[in-house]
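Residue-level structural notes
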Amino acid sequence: MNNTLKNRLIDSGFKYFAIFCTFFGLIVLAIFIIQILIEGVGRIDWGFLTSLPSRRASKAGILTAWTGTAWILGLTALISIPLGVAAGIYLEEYGKKNRLASIIEVNIANLAGVPSIIYGLLGLEIFVRTLNFGGSLLAGAFTLALLILPIIIVATREALKAVPKSLREASFGMGATKWQTIWYQTLPAASGGILTGIILALSRAVGETAPLIVIGALAYVPFVARTPMDEFTVLPMQIFNWVSRPQHGFIVNAAAAIIILLLITFVMNGIAIYLRNKWQKKVNW
Amino acid sequence: MTLKANLTLALLATSIIIASCGSKDSTSERDTTKIKGEVKIDGSSTVYPITEAIAEEFRSEQPNVRVTVGVSGTGGGFKKFSRGETDINDASRPIKDKEAEACRQNNINYVELTVAYDGLAIVINPKNDWVDHFTVEELKKIWEPAAQETITKWSQIRPEWPDEEFSLYGPGVASGTYDYFTEAVVGESGSSRGDYTASEDDNVLVQGIIGDKNAIGFFGLAYYEENQNSLKLIPVKNEGEPVLPTLETVKSGEYSPLSRPIFIYVSDVALKRPAVEAFVNFYLANAAELVQDVGYIPLPKEEYQKEISEFESFTNRGK
């Protein structure tokens, strides 16, 4: 009797503990977001989005920062998607399951956990100095592409793994080659998962600051980049810079820029969810 | 197939957005009498606000010169400067021997120009009503490495002060401000006790001191100016009377030893380009006004004149 009571107590106790844990994170997040909204939302207007940086907080804008972020995003996607998806296809569909494959697998998983600043140092040596890209958009995009490659590779593999074997076998049965099977059957069936992975990886790249500081992203750029070889700044750099200024006006600017950055991330995550749902419904097997 | 189509569409959209923004920037290109070119600047984040202000104003004078400013820190900036990757380095301390050596090895000669002063403010919580001033010796006693875990109470600094523990706030060891403070107060750059709350973001220090009755902290004067109502500035006594850091006392050097000069370094290789020369001339001519705008303290007029003539003779030497 006594024992049952104790077990019931533990049972409901754990339930409330779990609820507390769930809400703890959410409440902290909500406080942060509400505080930033209160501070910054009034600052966002057309002028804020289309103005150059300035020493006067009320005149300063994020034109170069958000266009830099858009450039970086586009270029990083161009570089990392073909590389990452192709690598994932190779490892899952072509690669033999031997010792080498498991070594590669472990390494990719480890790469996903390497601190981003290490990628920055790697990018500085390889892209900025050896390949002589300088502190350009291209150098930044290659560095971030390296950073998110492991995520894309893992996502591609998981998505391909989820495609039922019967689909491939049916395709082979119809006389399709391996490539035809991958291109016409497996890849479309897996594309929901792959796209979700890509977009989540890219939204991580959008928020990165440390590796870009290392490769030489700038704080003051008074022009919008026109070629991938131009120098650049990005939203997180601009926020970082404003947060550490003494004048309160810059703190407000930083909050406003954070809202824009959050919006970009939310929109990207929204697209990821939408695509996942869309493909899940479409593919029937 | 749809995967491919979707991606192409997304990329196309991005590039259209970018391209349409790019065209906005080209309004000023018809003026051909103006100089064209690039000025690449990197270095200290302390000096950054000044350089940013100058670059912003320079744009209306020379719209075709692209000035970019980074914030790699004084040391990180000198690394790039000595490789010839940047034209100008913002520095919150003088160049170190090692850095000067690296410049020599790459055949880069440079000129050091003082552009402003910064006062280091010693601040406490306004609820603290016993501290009227600190002497430099007292500051040393508080901050020197030997004080770690032994000097922890106000009464150990001056017997009449309360028998309560104080807590210390200061910039992180990587900052030029920390280097300068330790050199001026402890006597050796980079040497201090380790048991204090350190942050690279001075606003964090401000918040810490506001919330802690027993706090003592130091940071750039501009951060005090912005938070005057919630912090208490403490005069520092070196020789003679205790001195509060103000525009006048920092400028005249009376607020010693906690007022420091800040610099820009210009390389001779870069000066072969007219854009760099024009920018530096503009810098020295307009610093007096703009420096104050961003919370730093300008040099006296005649000192700017001295910097201008020094820069002029350095430029002529290279020609």
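Residues numbered from 1 in each chain as written. Chains lettered and ligands numbered in written order. Predicted model: local features only at pLDDT ≥ 70, side-chain atom pairs only at ≥ 80, totals over all residues.

1. Concerning the overall build of chain A
- When helices and strands are counted, chain A shows 11 helices and zero strands.
- Mapped from its N terminus to its C terminus, chain A presents α and β elements in the order α-α-α-α-α-α-α-α-α-α-α.
- Taken over the C-alpha atoms alone, chain A extends approximately 70 × 70 × 35 Å along its principal axes.
- Classification of the 285 residues of chain A by burial places 42% in the buried group.
- For chain A, restricting intrachain contacts to residue pairs at least 6 apart in sequence, the fraction spanning at least 24 positions comes to 76%. (Helix = DSSP H or I, 4+ residues; strand = E, 2+ residues; numbered from the N terminus. Buried ≥ 20, exposed ≤ 12 C-beta atoms within 10 Å, placed from the backbone. Contact = placed C-beta atoms within 7 Å.)

2. Some words on the UniProt feature "domain: ABC transmembrane type-1" (unreviewed entry) in chain A
- On the UniProt side, "domain: ABC transmembrane type-1" (unreviewed entry) is annotated at positions that read residues 66-272 of chain A here.
- Within the segment residues 66-272 of chain A, helix and strand shares are 78% and 0% respectively, and the terminal C-alpha atoms sit 21 Å apart. (UniProt positions renumbered as here; feature names shortened; annotations may be inferred.)

3. Quick notes on the UniProt feature "transmembrane region" (unreviewed entry) in chain A
- Listed under "transmembrane region" (unreviewed entry) in the UniProt record, and renumbered for this structure, are residues 16-38, 70-91, 136-160, 181-203, 209-229 and 250-275 of chain A.
- Along residues 181-203 of chain A, the helical share is 100% and the strand share 0%, with 31 Å between the first and last C-alpha atoms.

4. Structural notes on the interface of chain B and chain A
- Tallying the contact residues gives 34 residues for chain B and 31 residues for chain A.
- Those elements that place two or more of their residues in the side of chain B that touches chain A are α1 (2-22), α2 (48-61), β2 (65-69), α8 (202-210) and α9 (221-225) of chain B.
- Ranked by residue count, the leading element in the side of chain B that touches chain A is α1(B), at nine residues.

5. Section: the domain arrangement of chain B
Residues and elements named next belong to chain B.
- Domain annotation for chain B reports domain 1 (35-117 + 262-318) and domain 2 (118-259).
- Taking only C-alpha atoms into account, the centre of domain 1 sits 30 Å from that of domain 2.
- Across the contact, 13 residues belong to domain 1 and 14 residues belong to domain 2.
- Looking at the side of domain 1 that touches domain 2 residue by residue, the class counts come to six nonpolar, six polar and one charged. (Domains from an automatic or database assignment. Nonpolar A, V, L, I, M, F, W, Y, C, P; charged D, E, K, R; others polar.)

6. Quick word on the pairing of strand β3 (residues 88-91) of chain B
All names here are of chain B.
- In β3, alternate side chains face the same way, and those of Ile-88 and Asp-90 on one face and Asn-89 and Ala-91 on the other are all buried.
- As defined by bridge partners, β3 adjoins strand β11 (residues 259-267) across four bridges and the pair is classed as antiparallel. Following the sheet pairing, Asn-89 is matched in β11 by Tyr-265. (Pairing = 2+ DSSP bridges.)

7. Points about the nonpolar core
- Counting 161 residues, the largest nonpolar core has A:Ile148, A:Ile152, A:Ala257, B:Ile50, B:Val115, B:Ala116 and B:Val266 as the members making the most contacts within it.
- The element contributing the most residues to this core is helix α6 (residues 137-161) of chain A, with 18 residues.
- If we skip the residues at most four places from it in the chain, B:Val266 touches B:Ile88, B:Tyr110, B:Val111, B:Leu113, B:Leu271 and B:Val280. (Core = buried A, V, L, I, M, F, W, Y, C linked by C-beta atoms within 7 Å.)

8. Notes on the domain arrangement of chain A
Residue and element names in this part refer to chain A.
- By domain assignment, chain A separates into domain 1 (2-43) and domain 2 (46-282).
- Inter-centroid distance (C-alpha atoms) of domain 1 to domain 2 is 31 Å.
- The interface of domain 1 with domain 2 comprises six residues on the first partner and seven residues on the second.
- Looking at the side of domain 1 that touches domain 2 residue by residue, the classes come out as three nonpolar, one polar and two charged.

9. Some remarks on the packing of helix α3 (residues 63-94) of chain A against helix α10 (residues 235-243) of chain A
Residues and elements named next belong to chain A.
- Between α3 and α10, the least distance of the axes is 7 Å, while the angle of their chain directions is 145°. Facing Ala-65, Trp-66 and Thr-69 of α3, the residues of α10 in contact are Leu-235, Met-237 and Gln-238.
- Residue composition of the contact of α3 with α10, grouped by class: four nonpolar, two polar and no charged. (Axes fitted to C-alpha atoms, helices over the stretch in contact; angles between N-to-C directions.)

10. Details of the pairing of β11(B)
Residue and element names in this part refer to chain B.
- With eight of nine residues buried, β11 is to be regarded as a mostly interior element.
- As defined by bridge partners, strand β4 (residues 110-124) adjoins β11 across nine bridges and the pair is classed as antiparallel. From the neighbouring strand, Glu-112 faces β11, where its bridge partner is Tyr-265.

11. A look at unusual backbone geometry
- Cis geometry is found at the peptide bond from B:Ser256 to B:Pro257, where omega equals 5°.
- Relative to the elements of secondary structure, B:Pro257 occurs in the loop between α10 (247-252) and β11.
- Non-glycine residue A:Asn132 carries a positive phi angle of around 60°.
- Looking at the element boundaries, A:Asn132 is found in the loop between α5 (116-130) and α6.
- Looking at A:Asn132, the number of C-beta atoms within 10 Å reads 9, which means it is exposed.
- One non-glycine residue with positive phi stands out, namely B:Asn107, at about 55°.
- By the element assignment, B:Asn107 lies in the loop between α4 (97-105) and β4.

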